[in-house]
Amino acid sequence: MGAFSAVSALEAVAGYPTPLLAAKQQVVVIGGGFGGATAAKYLRLMDSNLQVTLVEPKRYYYTCPFSNLVLGGYKDLSEIRYGYDNLSRYYGIHVIQATAARLNASSKKVILTDGKSFSYNRAIVSPGVDMRFDKMEGYNYGIVNKIPHAWKAGRSTLLLKKQLVEMRDGGTVLICPPDQPYRCPPGPYERAGLIAHFLKQHKPRSKILILDAKEQFAKQALFTSGWEQLYGHMIEWFPGSAGGKILRVDAGEMAVETEFGIEEGDVINFIPDQWAGQIAHESGLVDESGWCPVDQRTFESTIHPGIHIIGDAAIAGAMPKSGLSASSQAKFTAVAVIDMLNNKNPETTSLANTCYSFLAPEYAISVASVYHLSGSKIVKAEGSGGVSPINANLSVRRAEAIYAQGWYDSITQDMFG
Amino acid sequence: MTTPRMRVKAPKNAIKGEIVEIMTLISHPMDTGLRKDKHGIIIPRKIINKFVCKYNDMEVFVVELHEAISANPLIQFSLVTNDSGILKFIWFEDEGKVYSTTRKLRVS
Amino acid sequence: MRIKSLLCTLAILTAIIAGVPMSLHPAGKEGLLLSLSCTSCHGTYGLSPGAIPTLYGKSRKYLIKTLIEFRNGDRDSTIMERIAKGYTENDIRLIANYFSSLTKKKKK
């Protein structure tokens, strides 16, 4: 072993030229979430000659993963909060707390909302999602304090939690998940379970109705059998064709209208349709779907060269819109960006995703897959992937809950540590 | 137990002689009598065993349900009418309880 | 508190390693590239701060054996069987080369 490493090290010194002293290349990263923070860090880890600027409007980032545990009363919001100090201190990333208004692909400039602008050689945009306030009758930005979506963690999460805490015992919680595609496909169902966990302890006569736009959902069999086991009939799920499809939101009456009539909720968590975050629209990076088409070999925009889009906003083949997908895409794209800046053919590698979902604080399930390129498309690696076994006993669910926490500790360290 | 929630999807208006699609759903656990609770005690059977739809007091659709039907049974059927009237949806539970709801249908 | 101090160590370690660009790593670039998928869950450089096992500096033999066993379903796991099945034996060797070579860096 020792001899092997020593030989390899010598080869490495001979095999790779030391980087030339040239003008430093500038890469700008827009957005400091799972995609952006990871991309910025890995760009610097893999090429310390790069100048990397991270533009993020918020001082603190609240992770969407684990925010349902805040709703369930199992974690405090402060436990899912991260800052950017380590990225600047340890990795030499220039972190700018500002809002990027748009990118100009032809002049290779980022324009901030305060009017300032700066140049880049390549840009990585990880804008996440924006909620659509133009799709559902009765649903608009003016009612988000009454009907919080809590689909971006932070204030909205606390608002929904407060409503749950203040609800009467015997009340009804409506959760209304959108149709695909949206951020975190299993998220609404994890939320239902963790809210049930809270209600079972504090308001056991309450009900949760999931009025779904879809006919089926991620890890469905695992969720429904687990809910029954943990919460009896507290959670009821309605597919789109059987009363789930919402026609109208009525914030005044605290109700939604479905094809099967009016459903009233003491708390309503309407999760709207989504599309790529605003800067992607302002910069002309979206297609008619509202999401960003990319060359899946490099995540470079197929509309504007020089700009790479990663994370929820990108159309990334078979990969779901999840935090780990974004993290995996960030590293994959950092490699491509460095190669392209050095006029080399971008080297590609495999990608991965794992999503853990809690049904209770000590009960979790997972879906995991490896992805790779098949031609120019990202597909699932044959033989890989799948969900937790349906007939596993409670010790397996408990182990997955421990690993879910382990996953969270690791990925947040990988982003911000 | 409180009255289970009944939901109906039916048009308010219909054209004489044309097919009307109806869907109805009752929130009901449909306990099969085979499951045990966490103390190992069998949960007694309690299911909706029959559903009837009446139109102006005439039975137009009847279905018998058994243990294998999942919780919250959803029933879809169609009918053709010539006159306006009242649709009545009646659910029969084990031990004799009956739940019902109505909808008006205007035929022109 | 344990996590805090571990994170501190991690920060110092990564700061040291950050001096050497990852791409110049002696184990070759292929292994590094494949390892990027591992580190999202196992921590940067495979240094895990929590319940997920650390890969950093583990022996090559152990990593290969374990991953092959996961892949063949011969070793109990939650998700690792589903993940390992996505990699060829050659991929596994490259990944093992990369993580096992990392111990040397720490001594620098």
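Residues numbered from 1 in each chain as written. Chains lettered and ligands numbered in written order. Predicted model: local features only at pLDDT ≥ 70, side-chain atom pairs only at ≥ 80, totals over all residues. Heavy atoms only, no water.

Concerning the overall build of chain A
Looking only at helices and strands, chain A has 10 helices and 26 strands in total. Taking 2.2 N^0.38 as the reference for a compact globule, 417 residues should give roughly 22 Å; the C-alpha atoms of chain A span a radius of gyration of 22 Å, in line with that estimate. By the burial criterion, 57% of the 417 residues in chain A qualify as buried. Within chain A, contacts between residues at least 6 apart in sequence are counted, and of these 65% link residues at least 24 apart. Here chain A displays about 16,300 Å² of accessible surface, and carbon together with sulfur accounts for 51% of that area. One way to put it: in chain A the 39 positive side-chain charges average out to a point 6 Å from where the 39 negative ones average out. (Helix = DSSP H or I, 4+ residues; strand = E, 2+ residues; numbered from the N terminus. Rg over C-alpha atoms; globule rule 2.2 N^0.38 Å. Buried < 20%, exposed > 50% of the residue type's maximum accessible area, 1.4 Å probe, protein only. Contact = heavy atoms within 4.5 Å. Areas by Shrake-Rupley, 256 points an atom, 1.4 Å probe, with all protein chains shown as cover. Lys, Arg positive; Asp, Glu negative; His and termini not counted. Charge placed at Lys NZ, Arg CZ, Asp CG, Glu CD.)

Considerations on the interface of chain B and chain A
Between chain B and chain A, the residue contacts involve 14 residues of the former and 13 residues of the latter. A per-residue breakdown of the area chain B buries against chain A is headed by B:R5, B:R7 and B:K9, which together make up 43% of the total. Seen at the junction of chain B and chain A, the total is 4 salt bridges. One can count 6 residue pairs in polar contact (both at pLDDT 80 or more) joining chain B with chain A. Of all the secondary structure elements, the ones that give two or more residues to the side of chain B that touches chain A are β1 (6-9) and β3 (19-26) of chain B. For the side of chain B that touches chain A, the class distribution of residues is 5 nonpolar, 3 polar and 6 charged. (Buried area = accessible area lost by both parts, 1.4 Å probe. Salt bridge = Lys/Arg side-chain N within 4 Å of Asp/Glu carboxyl O. Polar contact = N/O pair within 3.5 Å; in protein donor to acceptor, adjacent residues only side chain to side chain. Nonpolar A, V, L, I, M, F, W, Y, C, P; charged D, E, K, R; others polar.)

A look at the pairing of strand β19 (residues 292-295) of chain A
All names here are of chain A. Direction of pairing for β19 relative to strand β22 (residues 314-315): parallel, over a ladder of 2 bridges. In the sheet register, C292 faces β22, and the bridge partner there is A314. Relative to strand β20 (residues 300-301), β19 runs antiparallel, the two sharing 2 bridges. Bridge pairing links D295 to E300 in β20. Where β19 folds back onto β20 in an antiparallel hairpin, the turn is made up of 4 residues, including F299, whose phi is positive at roughly 60 degrees. (Pairing = 2+ DSSP bridges.)

So, the packing of aromatic side chains
Residue and element names in this part refer to chain A. Taken as a whole and assessed by the stated rule, the structure comprises 24 aromatic pairs over all chains. Their ring planes at 85 degrees and their centres at 5.7 Å tell us that F299 and F332 sit as a pair that is edge-to-face. Residue F299 is found in the loop between β19 and β20, and its partner F332 is found in helix α9 (residues 323-341); the two are separated by 33 residues along the sequence. Taken together through their ring pairs, the aromatic side chains of F34, Y61, F66, Y82, Y84, F358, W407, Y408 and F416 make up a single cluster. (Phe/Tyr/Trp six-rings, centres within 6.5 Å; stacked < 30°, edge-to-face > 60°.)

Some words on the sheet that holds strand β8 (residues 117-119) of chain A
All names here are of chain A. The 3 strands are arranged β6-β7-β8 in an open sheet whose pairing can be described as antiparallel. Only two strands of the sheet have a single neighbouring strand rather than two, namely β6 (100-104) and β8. Taken pair by pair, the neighbouring strands of this sheet meet at an average axis angle of 20 degrees, ignoring direction. Across 4 bridges, β6 lies against strand β7 (residues 109-112) in antiparallel orientation. Bridge assignment links R102 to a residue of β7, and that residue is I111. (Axes fitted to C-alpha atoms, helices over the stretch in contact; angles between N-to-C directions.)

Re the layout of surface pockets
Residue and element names in this part refer to chain A. There is about 1,300 Å³ of room inside the second largest pocket. Taken together, 44 residues make up the lining of the second largest pocket; nearest its centre are K207, H233, M234, I235 and E236. Mapped onto the lining of the second largest pocket, the elements with two or more residues apiece are β11 (172-176), β12 (207-211), α7 (220-231), β13 (235-238) and β16 (261-264). With 7 residues, α7 is the single largest residue contributor to the lining of the second largest pocket. Taken together, the residues of the lining of the second largest pocket sort by class into 19 nonpolar, 14 polar and 11 charged. (1 Å grid on protein atoms, 1.4 Å probe; cavity = no way out; pocket = protein on both sides within 12 Å on 5 of 7 lines; lining within 4 Å. Points joined across faces, edges and corners; volume = space filled by probe spheres on them.)

Focus: the sheet that holds strand β17 (residues 267-270) of chain A
Residue and element names in this part refer to chain A. What the 4 strands build is an open sheet, ordered β13-β12-β11-β17; its pairing is parallel. The sheet is open, and its two borders are formed by β13 and β17, each paired with just one other strand. Neighbour to neighbour, the strand axes of the sheet diverge by 15 degrees on average, direction disregarded. The pairing of β12 with β13 spans 4 bridges and is parallel. Residue pairing across strands places L209 opposite E236, the latter belonging to β13. Contacts from helix α6 (residues 187-202) reach β11, β12, β13 and β17 within the one sheet, and its direction differs from that of β12 by about 170 degrees.

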